Amino acid sequence: MTDLTSLEAQLTAAVTGAIDLAALDAVRVAALGKTGSISNLLKSLGAMSPDERKTAGPAINGLRDKIQGLIAERKAVLEGQALEGKLAAERLDLTLPAPPRRKGQVHPTMQAFDELICIFAELGFAVAEGPDIEDDFHNFTALNFPPKHPARDMHDTFFLQEGPDGTRKVLRTHTSPVQVRTMMSQSPPIRIVAPGRTYRKDSDQTHTPMFHQIEGLVIDRDTHMGHLKWTLETVLARYFETDAVTTRFRPHHFPFTEPSAEMDVGCDRSGGGLKIGQGSDWLEILGCGMVHPNVLRNCGLDPDEWQGFAFGFGVDRLAMLKYGVPDLRDMFAADTRWLQHYGFSAFAAPNPASGLS
Ligand code: DAH
């Protein structure tokens, strides 16, 4: 019996001292496994006399039950501890401060818009706006695009679903429809610029399906092409921040102007880069001309009384030229790292007093 008492003390100590589930299992095998200490005692019952068995049997079985109970208890405690440990190890500390947020930046195109609007404002131009979803009349017909004329296809137009009246609206292919809206809603003299988004089914290295334009319109009694050239030269010199900007007109065709021209700016392409205001190369940057008499008539103005000029240019490209952005597609990739590099502080908005960029 003393043997059993000391075995019980020893096993109890081993069970309560098991530091983890593996250690506890080792104790269980040593006591209750096939050749464990208690199992061996149980086996010895067979060789005992009935009298001996009467007392030894309940004592050994009692010890086995007791140790089994202790092991189960210890196991529950250790399992609880293991779970606690796992939870603690896998804990997500939600109280950690969030990583610093990237500061918002003004996109170069928007910066160029702001700068150009600022320059035009100094010259007395107001800002006019029109809808991105236009009808055929404002986008084409009023601008003297003949019906079914290939010039309409030239713009790779996005057409919307046919409406209940059988007509199809378009995503405006240029900002020129704002000319029409302005002439139809205001009386001359008119001096406006219309910045905005424009859309064409076009996508390659130098074209994106959505891009940005600024349209300009001046209507007065004796406005002529000299005014147009001076205005554009002045704006470009201010925008590129150098008086060395040179320009030239090339004859061109637009349905809504007569005569029409494209304006090139002098540039230098040597050495891989492109520099405005130096060199002997030319870069086409805008379309312009004298507003066609038909357009004036379509907008309710008498061409014998009023005349004026109009122009339109792509703003994304002007932004790329000024800020050295090499690939147009990056301008639309919505990559915050790119914007961090090329973007502008929202607190440094261009204005006539503090300057441009
Ligand atoms: N709307 C033309 C375009 O998107 C640009 C343009 C050319 C606008 C001549 C004008 C203009 O007002 O007179 O290609």
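Each residue is numbered by its place in its chain's sequence as written, counting from 1. Note on the predicted model: pLDDT of at least 70 is required for a residue's local features to be given, and 80 or more for side-chain atom pairs to be given and counted; whole-chain, interface and lining totals, by contrast, use all residues. Heavy atoms throughout the structure, all of them, feed into the side-chain values; hydrogens and water do not.

Participant: Can you walk me through the site of the ligand in this structure?
Facilitator: Nearness of a residue to a molecule or strand requires only that one of the residue's heavy atoms be within 4 Å of it. Close to the ligand lie 15 residues, the nearest being H174, S176, R200, Q213 and E215. Here a polar contact means two N or O atoms within 3.5 Å. Within protein one must be a hydrogen donor candidate and the other an acceptor candidate, and residues neighboring in sequence count only if both atoms are side-chain atoms. Here an oxygen atom of the ligand and a side-chain polar atom of Q179 are 3.1 Å apart. Computed on the free molecule, the ligand has an accessible area of 350 Å², of which 91% lies beneath the protein chains in the complex. The pocket and cavity definitions rest on a 1 Å grid over protein atoms only: a 1.4 Å probe that fits but cannot leave marks a cavity, an open set with protein on both sides within 12 Å along at least five of seven lines marks a pocket, and residues lining either have an atom within 4 Å of a point. Molecule-in-pocket calls rest on the fraction of atoms, with more than half required to lie within 2 Å of the cavity or pocket grid points. In this structure, the ligand is accommodated by the largest pocket. At the level of secondary structure, the elements contributing two or more residues to the shell around the ligand comprise β6 (210–220), β10 (281–291) and β11 (307–314). Here the term charged refers only to Asp, Glu, Lys and Arg, the term nonpolar to Ala, Val, Leu, Ile, Met, Phe, Trp, Tyr, Cys and Pro, and the term polar to all other amino acids, Gly among them. A breakdown of the residues in the shell around the ligand according to their chemical character gives five nonpolar, eight polar and two charged. Note that accessible areas follow from Shrake-Rupley with a 1.4 Å probe, and for residues the cover is restricted to the protein chains shown. Helix and strand labels come from DSSP, where a helix needs a run of H or I of at least four residues and a strand needs a run of E of at least two; each type is numbered from the N terminus.

Participant: What is the right way to read the packing of aromatic side chains from this model?
Facilitator: Each aromatic ring pair is characterised by the separation of its centres together with the angle its planes make. Aromatic rings from Phe, Tyr and Trp, with only the six-membered ring used for Trp, were paired whenever their centres fell within 6.5 Å, and each pair was classed as stacked if the ring planes differed by under 30 degrees, edge-to-face if by over 60, and tilted otherwise. All told, the structure shown has 10 aromatic pairs when counted by the stated rule. Aromatic pair F145 and F256: ring centres 5.9 Å apart, planes at 35 degrees, arrangement tilted. Here F145 is found in the loop between α6 (136–139) and α7 (150–154), whereas its partner F256 is found in the loop between β7 (247–254) and β8 (257–268), with 111 residues between them in sequence. You'll find F145 and F256 in the same group, each marked buried. Here a set of aromatic residues connected by ring pairs shows up, and it is made of F120, F125, F309, F311 and F313. Over the aromatic face of F249 sits the side chain of K229, whose NZ or CZ is 5.8 Å from the ring centroid. Looking at K322, its charged tip hangs above the ring of Y239, at a distance of 4.7 Å from the centre. Burial classification: accessible surface area is computed with a 1.4 Å probe over protein chains only, and a residue below 20% of its type maximum counts as buried, one above 50% as exposed, and the rest as partly exposed. Should the NZ of a Lys or the CZ of an Arg lie within 6 Å of a ring centre and within 35 degrees of the ring normal, that charge is described as sitting over the ring.

Participant: What exactly am I supposed to notice about the nonpolar core here?
Facilitator: One broad rule of soluble globular proteins: the nonpolar side chains tend to lie buried together. In plain words, nonpolar cores are sets of buried Ala, Val, Leu, Ile, Met, Phe, Trp, Tyr and Cys residues tied together by side-chain atoms within 4.5 Å. By size, the foremost hydrophobic cluster in this structure holds 44 residues, and its most contacted members are Y239, F311 and F313. Breaking this core down by element, the ones donating at least two residues are α5 (108–122), β6, α9 (225–239), β8, β10, β11, α11 (315–323) and α12 (336–342). Should any heavy atoms of two residues lie within 4.5 Å, those residues are counted as being in contact. Residues contacting F313, with those up to four places away along its chain left out, are L116, F120, H212, Q213, I214, I285, L286 and L318.

Participant: Could you clarify how one ought to interpret the domain arrangement of the protein in this entry?
Facilitator: Often the size quoted for an interface is simply the accessible area lost on bringing the parts together. Here the domain parsing of the protein yields domain 1 (4–89) and domain 2 (108–342). The domain boundaries here were taken from an automatic or database domain assignment. Each of domain 1 and domain 2 has a C-alpha centre, and the two are 91 Å apart.

Participant: What exactly am I supposed to notice about the pattern of salt bridges here?
Facilitator: Two side chains carrying opposite charge are able to pair once their charged atoms lie near each other. Put simply, a salt bridge is a Lys or Arg side-chain nitrogen that is within 4 Å of an Asp or Glu carboxyl oxygen. With the rule as written, the count across this model stands at 18 salt bridges. Where R181 meets E134, a salt bridge forms, and the shortest distance between an N and an O atom there is 2.7 Å. In this pair, R181 is assigned in helix α8 (residues 177–185) and E134 in strand β2 (residues 133–134), connecting sequence segments 47 residues apart. Assessed through its relative accessible area of 28%, R181 is described here as partly exposed. For E134, a relative accessible area of 1% gives the class buried. Across the pair D264 and R250 runs a salt bridge whose closest N-O atoms are separated by 2.7 Å. Linking D264 in strand β8 with R250 in strand β7, this pair joins segments that are 14 residues apart in sequence. By relative accessible area, which is 2% here, D264 ends up buried. Look at the salt bridges and you will find they share partners, linking R248, R250, E262 and D264 into a network.

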